[in-house]
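Remarks on the overall topology
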Amino acid sequence: MRFILLIDMDYFFVACEELKDPSLKDKPAAVTTGSDREGSKGVIMTCNYPARKFGVRSGISANQALGMCKDLVLLKEDFKFYEEKSAQVASIIRKYSNLAEQVSIDESFVDISDKVSTYEQGVKYAEAIKRDIRSLSGLPCSIGIGPNKLIAKMACDVAKPDGIRLVRQEEAKSFLSIMPVDKLYGIGGKTAEKLSFIGIKTAAQLAASNKMQLIEKFGIFGLEIYNTANGIDDSDVVSDYETKSIGRERTLKKDSNDDGEIIPVIKELSKEVFKEAKSQGFSFKVITIKIRYADFTEHLKSRTVKTSNSAEDIERVASEMYMKYRTQTMKIRKLGVRISGLTKIKSQRSMSEFFS
Ligand SMILES: [Mg+2]
């Protein structure tokens, strides 16, 4: 049983600005970028909730936003400060779990499966992290809890602002079913438009649709959106606590979906990666394969293993992931194998280092 959190800071950039100037709290305010260009007030990056009441949102021009709300306070972005606050939040999160994956400046997935054993404990854990983030950094956040990254992300969206939302495995499908497809994680407006042409508007319709037809229409992405609508996501939270990785990639001589050609390439890449890890004295915990299809879409899949330093583990897990995620309909152009979560098996320092 997995317990995954998605911690997402609320209106992050403006919340950071409110720390510098607390009087902003009750006013509609927005952070802009690109305001240096002549005659331009820039584009809205983030706005606070008072501004959202007027219809202001990220991505629109500052002029358009002022048209909606003439008292809107415009603030120029201060990335250095936001990055400082982001690093502070990341260090608070790491006190609770090393298995944290920061996916953007204000969002992190956290795997707490080895910390709690029930959903109720998971909620308590999330409450503690949320309280700590608020008291130590001064910033509000929302947390989604679920059995996988996808559900945690979707749960967090409805928890906003300043909330915690739990969606259990058994609730996942019905929780998603009422959502329009463009609200599903990873499905954008363009895909939603194409789906609506074939009569699919809600997640429930997508979940009940023909999987093969989706793959024909969208390639491997079709399989991903089908799984998304069904609440299925077995991707791991990959810790960026230790971000170093060792990887090798190869472009196939010609595009192929023949396992007889591809598996040997994966084995060869695995051997090369292992050789490099051995020469540097590393063991590893995470194995990732990268598949780039002929249409240039790229898919990364990772799996965490017990700490290992065997070539066979890389070969076996990489091949298994390939067999699991490959599709018969799309040809592959390029393959990659990577290991991460590295730790030094023994010190590689030699005495000569100290004398040089
Ligand atoms: Mg956010």
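Residues numbered from 1 in each chain as written. Predicted model: local features only at pLDDT ≥ 70, side-chain atom pairs only at ≥ 80, totals over all residues. Heavy atoms only, no water.

1. Structural notes on the domain arrangement of the chain
In plain terms, the rule: An automatic or database domain assignment supplies the start and end points of every domain. Two parts placed together each lose some accessible area; with a 1.4 Å probe, that loss summed over both constitutes the buried area. Put simply, a salt bridge is a Lys or Arg side-chain nitrogen that is within 4 Å of an Asp or Glu carboxyl oxygen. Counting of polar contacts relies on pairs of N or O atoms within 3.5 Å, with two restrictions inside protein: one atom must be capable of donating a hydrogen and the other of accepting it, and residues adjacent in sequence are counted only when both atoms are side-chain atoms. The helix count covers DSSP runs of H or I at least four residues long, the strand count covers runs of E at least two residues long, and both are numbered beginning at the N terminus.
For the chain, the assigned domains are domain 1 (4–11 + 80–171), domain 2 (13–79), domain 3 (173–229) and domain 4 (245–344). The three residues of domain 1 that bury the most area against domain 2 are Y11, F81 and Y82, which together make up 64% of that side's buried surface. The interface formed by domain 1 and domain 2 includes 0 salt bridges. Applying the counting rule to domain 1 against domain 2 returns 11 residue pairs in polar contact (both at pLDDT 80 or more). Of all the elements, helix 4 (residues 79–96) adds the most residues to the side of domain 1 that touches domain 2, at 5 residues.

2. Overview of the nonpolar core
Cut-off, in case you're wondering: Residues belong to one nonpolar core when they are buried, are Ala, Val, Leu, Ile, Met, Phe, Trp, Tyr or Cys, and are joined through side-chain atoms within 4.5 Å. Three labels apply to residues, based on accessible area from a 1.4 Å probe with only protein chains included: buried if under 20% of the type maximum, exposed if over 50%, partly exposed otherwise in between. Residue contacts are defined here by distance: any two heavy atoms, one from each residue, within 4.5 Å place the two residues in contact.
Counting residues in each nonpolar core, the largest one holds 36 residues, and the members touching the most others are L5, I7 and I133. A per-element tally of this core places helix 5 (residues 119–137) first, with 7 residues. When residues of this core are sorted by domain, at least three fall in each of domain 1 (4–11 + 80–171) and domain 2 (13–79). Beyond its immediate stretch of four places on either side in the chain, I133 contacts I7, M9, V89, I92, I93, G138, L139 and C141. Counting 33 residues, the second largest nonpolar core, distinct from the first, contains I263, I289, V305 and V317.

3. Points about the environment of V89
Inspection of the secondary structure assignment puts V89 in helix 4. Owing to a relative accessible area of 6%, V89 belongs among the buried residues under this scheme. Setting aside residues up to four positions removed in sequence, V89 forms contacts with M9, I133, S137 and L139.

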